[in-house]
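Fold and geometry: a report
So the chains spell out like this:
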Amino acid sequence: MAVRAFSRSKIAKLSAVFLQNQTVKPTIPISLPSKPQISYSDSNILSYSYFCGLRQYHDGRPRGPLWRGKKLIGKEALFVIQGLKRFKDDEEKLQRFIKNHVLRLLKMDMIAVLTELERQEEVSLATKIFQVIQKQDWYQPDVYLYKDLIIALTRGGKMDEAMKLWEVMRNENLFPDSQMYTEIIRGFLRDGSPADAMNIYEDMKKSPDPPDELPFRILLKGLLPHPLLRNRVKQDYEELFPEKHFYDPPEEIFGIH
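Residues numbered from 1 in each chain as written. Predicted model: local features only at pLDDT ≥ 70, side-chain atom pairs only at ≥ 80, totals over all residues. Heavy atoms only, no water.

Per an unreviewed UniProt entry, the protein chain goes by the name Pentacotripeptide-repeat region of PRORP domain-containing protein and belongs to Jatropha curcas.

As structure tokens, then:
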């Protein structure tokens, strides 16, 4: 019994000591250095954005040529362009697609399809769309519609089709401008047809528009192997542009000794 009472008293003393050690002592507040105040003014934000090369916002539009090239083309016009390119090798399906979809387009969408096909150098499809446009009630002869298509055909090497369209344009009392003459002359010289280029040149001389220097320079350069034709163009060039000068290569190039 005595041993049990002694153990109880010892446990009571140990618990009292333990509780004394667990008492919370008051903490002394420590003053920390205050952070510098940063002012987030508009000028600071703008200067930071400019310095880091960041945009303040994003308007959600796609960037680059995709947006600039297609923002003026409607969904129906884009669908028609894709369909025409899909069926361009099958004439029967192509004509059915034109009847079911192209003829339903509005005026601006149809012209947008024509312009985009010319830009993509799909000149055969562009010619078909132009023929469809000519049959519309709202169509009126426009030299610029002819101009873009003729230039596209010329750059694509389709000189026969370009000249057929040229004749149709002239029959509608439309007159080509200097750029059209330049591209046709350049196309014939590229294909090795200087006689056809000279025919266009003679037609250009009858144009009511004032002469331009560029077609003459292209002819003078392209007719180097044909000195007689070149001399005719050179005389006209010197009469029309007396203050201009053009380089004449040595006579050995012409085979004249």
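**What to know about the overall build of the protein chain**
For the record, the criterion: In this text, helices come from DSSP runs of H or I with a minimum length of four residues, and strands from runs of E with a minimum of two, each type numbered from the N-terminal end. Exposed residues in this analysis have more than 50% of their type's maximum accessible area, buried residues have under 20%, and partly exposed residues fall in between, with area computed by a 1.4 Å probe over protein chains only. We call two residues contacting when some pair of their heavy atoms lies within 4.5 Å.
Helix and strand content of the protein chain: 13 helices and zero strands. Moving toward the C terminus, one meets the helices and strands of the protein chain in the order α-α-α-α-α-α-α-α-α-α-α-α-α. Split into buried and exposed, the 257 residues of the protein chain put 30% on the buried side. Restricting the contact set of the protein chain to residue pairs at least 6 apart, pairs at least 24 apart contribute 55%.

**Quick word on the environment of Pro210**
Here Pro210 is to be found in the loop between α11 (194-205) and α12 (213-222). The sequence separation of Pro210 and Asp177 amounts to 33 residues, and the corresponding C-alpha distance is 9.7 Å.

**Details of the pattern of salt bridges**
Going by this rule: The salt bridge definition used is simple: a Lys or Arg side-chain nitrogen within 4 Å of an Asp or Glu carboxyl oxygen.
By the definition in use, this model includes 12 salt bridges. Here Glu116 ties to Arg119 by a salt bridge, and the two come within 2.5 Å at their closest N and O atoms. Taken together, the residues Glu116 and Arg119, both in helix α6 (residues 107-119) and three residues apart, mark about one turn of the helix. On the basis of relative accessible area, Arg119 is assigned to the exposed category, the value being 59%.

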